[in-house]
Every structure is written in C-alpha cells, then in structure tokens.
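# Coordinates in review
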Amino acid sequence: MAEGGFDPCECVCTHEYAMRRLINLLRQSQSYCTDTECPLELPGPAGSVNGGGDLTLPLVMMGWMLVALLLFLLRPSSLRGPRPTGKPTGPPNRDRREPPAPPVD
C-alpha cells in the first residue's frame, strides 16, 4: 500500500472487479455444463470458429515480415551497397590539419 492510503494498482484492478470477473466466468460455465454432462472444450475466445484453424501464428509471422520489409526499404544509404569508386568515402579534411581558429578581439 502506498503512503496516505492510496494504492495506484487499485485503479487498474480492484478486488470487486476480480470478484465480478470470477462470477461472470462461473455463470458462463453454467450455461455450457449441466449436472450430468460437461464438454471437454468450452467455447470462447480461444476456441476455433466453424472448424477453422488458429490464425495467431500466421498473422504474427506476417506482421514480422512486414516490419522487416519496411526496415529493409527504409535503411540508410550507407547500408545500401558498395559505393562508386569515383566518390570519396570520408570527410574532405580527413588527412589535413584543422583550419586555423578565427582571431579573438
């Protein structure tokens, strides 16, 4: 608990909210299970729809491929490949001394 009796975590998830979620979960399971029978897999957000497969992994892989393609296309020119032989590769004053400092009045 924080100073002054204020708990910032309580703003996100309170005890009342957790109990409400538990009661809702129990009510949903009662609509699927009876006293004599309960299916092994409960329908819900994790279940498949109309016998279709799970698309989570393919969507994540396509997302990473899209990010990789964008990074490849937007890379800096210094990483794009070999430089032409006629152009210098560094700053023009590379081997020379620094220019003299301006006079101070």
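Residues numbered from 1 in each chain as written. Predicted model: local features only at pLDDT ≥ 70, side-chain atom pairs only at ≥ 80, totals over all residues. Heavy atoms only, no water.

This part covers the packing of aromatic side chains. Taken as a whole and judged by the stated rule, the model has 0 aromatic pairs. Directly above the ring of Phe 72 sits Arg 75, whose terminal nitrogen or CZ lies 4.2 Å from the centroid. (Phe/Tyr/Trp six-rings, centres within 6.5 Å; stacked < 30°, edge-to-face > 60°. Lys NZ or Arg CZ within 6 Å of the ring centre and 35° of its normal.)

A low pLDDT means the predicted coordinates there should not be read in detail. When pLDDT is averaged across the chain, the result is 74; 62% of the residues are at 70 or more. The weakest mean pLDDT in the chain belongs to helix H1 (residues 9–12) at 69; the strongest belongs to helix H3 (residues 56–73) at 93. (pLDDT = per-residue confidence, 0-100. Helix = DSSP H or I, 4+ residues; strand = E, 2+ residues; numbered from the N terminus.)

Moving on to a nonpolar patch on the surface. Where nonpolar side chains cluster on the molecular surface, the patch consists of Leu 66, Leu 69, Leu 70, Phe 72, Leu 73 and Leu 74 and spans about 630 Å² of accessible area. Relative to the helices and strands, Leu 66 is located in helix H3. (Patch = residues over 30% accessible without salt bridge, like charges linked within 9 Å, V, L, I, M, F, W, Y side chains within 5 Å. Areas by Shrake-Rupley, 256 points an atom, 1.4 Å probe, with all protein chains shown as cover. Salt bridge = Lys/Arg side-chain N within 4 Å of Asp/Glu carboxyl O.)

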